[in-house]
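Working through the structure, step by step
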Amino acid sequence: DTGVSQNPRHKITKRGQNVTFRCDPISEHNRLYWYRQTLGQGPEFLTYFQNEAQLEKSRLLSDRFSAERPKGSFSTLEIQRTEQGDSAMYLCASSEDRGSYGYTFGSGTRLTVV
Amino acid sequence: AQKITQTQPGMFVQEKEAVTLDCTYDTSDQSYGLFWYKQPSSGEMIFLIYQGSYDEQNATEGRYSLNFQKARKSANLVISASQLGDSAMYFCAMRERSGGSYIPTFGRGTSLIVHP
């Protein structure tokens, strides 16, 4: 297993366009998390899946943000009608049930909205 | 309200010296976990160390140790024998139960610079 994989690494989009990011977690990890990180800040929690169930989505930043994990494996994060304020690094992490081994992060997708 | 507070935006340390990065947390839960992560300039988040709220011993991992003071709600990271490669952002995080979920929350981070 090569760890958590995120694609694309970079995305430049025009304001108003929709974007979708993909995260492939470590295969035996059933928990998957999405975070946003802006410059000089810590990761900000967005949403969380256990297998295919989205157990926490109240922290998604607006109704323009949505996430899916249809078969309990990979996940997608979509931002509709992007705004310049959406420019940030979007991080995905996965973990086992216990969580005490820490959360394994991907390298992130850097979004730039122009 | 800020759950994780890291009061040191930046720290400097001489190579081979020890350094302590501060972290305080706020929770009403009895069961929670505390983590430290390192983020070099390349951007990846690297897990360093974990402390469970019921663990009586301070966690250690190589040159990293976590000074856990439960009554003070403090979970400071101690890096011994600093190396140039330790220069990075360091984030403290807490996992606590929120409804039926465990949600990890991160602090704003401390920038550590190790100079020769």
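These remarks concern the structure in this document. Since the model is a prediction, treat every value here as computed from it, not as a measurement.

Regarding the overall build of chain A
Within chain A, the regular secondary structure consists of zero helices and 11 strands. In sequence order, the secondary structure elements of chain A are arranged as β-β-β-β-β-β-β-β-β-β-β. Since a compact globule built from 114 residues should have a radius of gyration of about 13 Å, the 13 Å found for chain A is in line with a globular shape. Principal-axis analysis of the C-alpha atoms places the extent of chain A at approximately 40 × 25 × 20 Å. Expressed as a percentage of the 114 residues in chain A, the buried residues total 49%.

A word on the packing of aromatic side chains
The full count for this structure, using the stated rule, is 16 aromatic pairs over all chains. For the pair Tyr35 of chain A and Phe106 of chain B, a centre-to-centre distance of 5.4 Å together with 90° between the ring planes defines the contact as edge-to-face. Here Tyr35 of chain A, found in strand S4 (residues 31-37), pairs with Phe106 of chain B, found in strand S11 (residues 101-106), and the two come from separate chains. Each member of the pair, Tyr35 of chain A together with Phe106 of chain B, is buried. Ring centres 5.2 Å apart and planes at 55° place the aromatic pair Tyr25 of chain B and Tyr32 of chain B in the tilted group. Taken together, the ring pairs connect Tyr33, Tyr35, Phe45, Tyr48, Tyr103 and Phe105 of chain A together with Phe35, Tyr37, Phe47, Tyr50 and Phe106 of chain B into an aromatic cluster. Seen from the ring of Phe74 of chain A, Arg22 of chain A lies directly overhead, with NZ or CZ sitting 3.9 Å from the centre. The ring of Tyr64 of chain B carries Arg63 of chain B above its face, with NZ or CZ at 5.7 Å from the centroid.

Overview of the side chain of Arg36 of chain A
All names here are of chain A. Mapped onto the elements of the fold, Arg36 is located in strand S4. A residue is classified by how much of its surface remains accessible, and Arg36, at 14% relative accessible area, is buried. For Arg36, the side chain forms a polar contact with the main-chain oxygen of Gly85, separated by 3.5 Å. Beyond its immediate stretch of four places on either side in the chain, Arg36 contacts Gly42, Pro43, Glu44, Leu46, Leu61, Gly85, Asp86, Ala88, Met89 and Tyr90.

So, the interface of chain A and chain B
Listed per partner, the contact involves 21 residues of chain A and 17 residues of chain B. Across the chain A to chain B interface the summed buried area is about 1700 Å²; carbon plus sulfur atoms make up 54%. Inspection of the chain A/chain B interface yields zero salt bridges. Counting across the chain A and chain B interface gives three residue pairs in polar contact (both at pLDDT 80 or more). Of all the elements, S4 of chain A adds the most residues to the side of chain A that touches chain B, at four residues. Residue classes in the side of chain A that touches chain B are distributed as 10 nonpolar, seven polar and four charged.

Cut-off values and rules
- Residues numbered from 1 in each chain as written.
- Chains lettered and ligands numbered in written order.
- Predicted model: local features only at pLDDT ≥ 70, side-chain atom pairs only at ≥ 80, totals over all residues.
- Heavy atoms only, no water.
- Helix = DSSP H or I, 4+ residues; strand = E, 2+ residues; numbered from the N terminus.
- Rg over C-alpha atoms; globule rule 2.2 N^0.38 Å.
- Buried < 20%, exposed > 50% of the residue type's maximum accessible area, 1.4 Å probe, protein only.
- Phe/Tyr/Trp six-rings, centres within 6.5 Å; stacked < 30°, edge-to-face > 60°.
- Lys NZ or Arg CZ within 6 Å of the ring centre and 35° of its normal.
- Polar contact = N/O pair within 3.5 Å; in protein donor to acceptor, adjacent residues only side chain to side chain.
- Contact = heavy atoms within 4.5 Å.
- Buried area = accessible area lost by both parts, 1.4 Å probe.
- Salt bridge = Lys/Arg side-chain N within 4 Å of Asp/Glu carboxyl O.
- Nonpolar A, V, L, I, M, F, W, Y, C, P; charged D, E, K, R; others polar.

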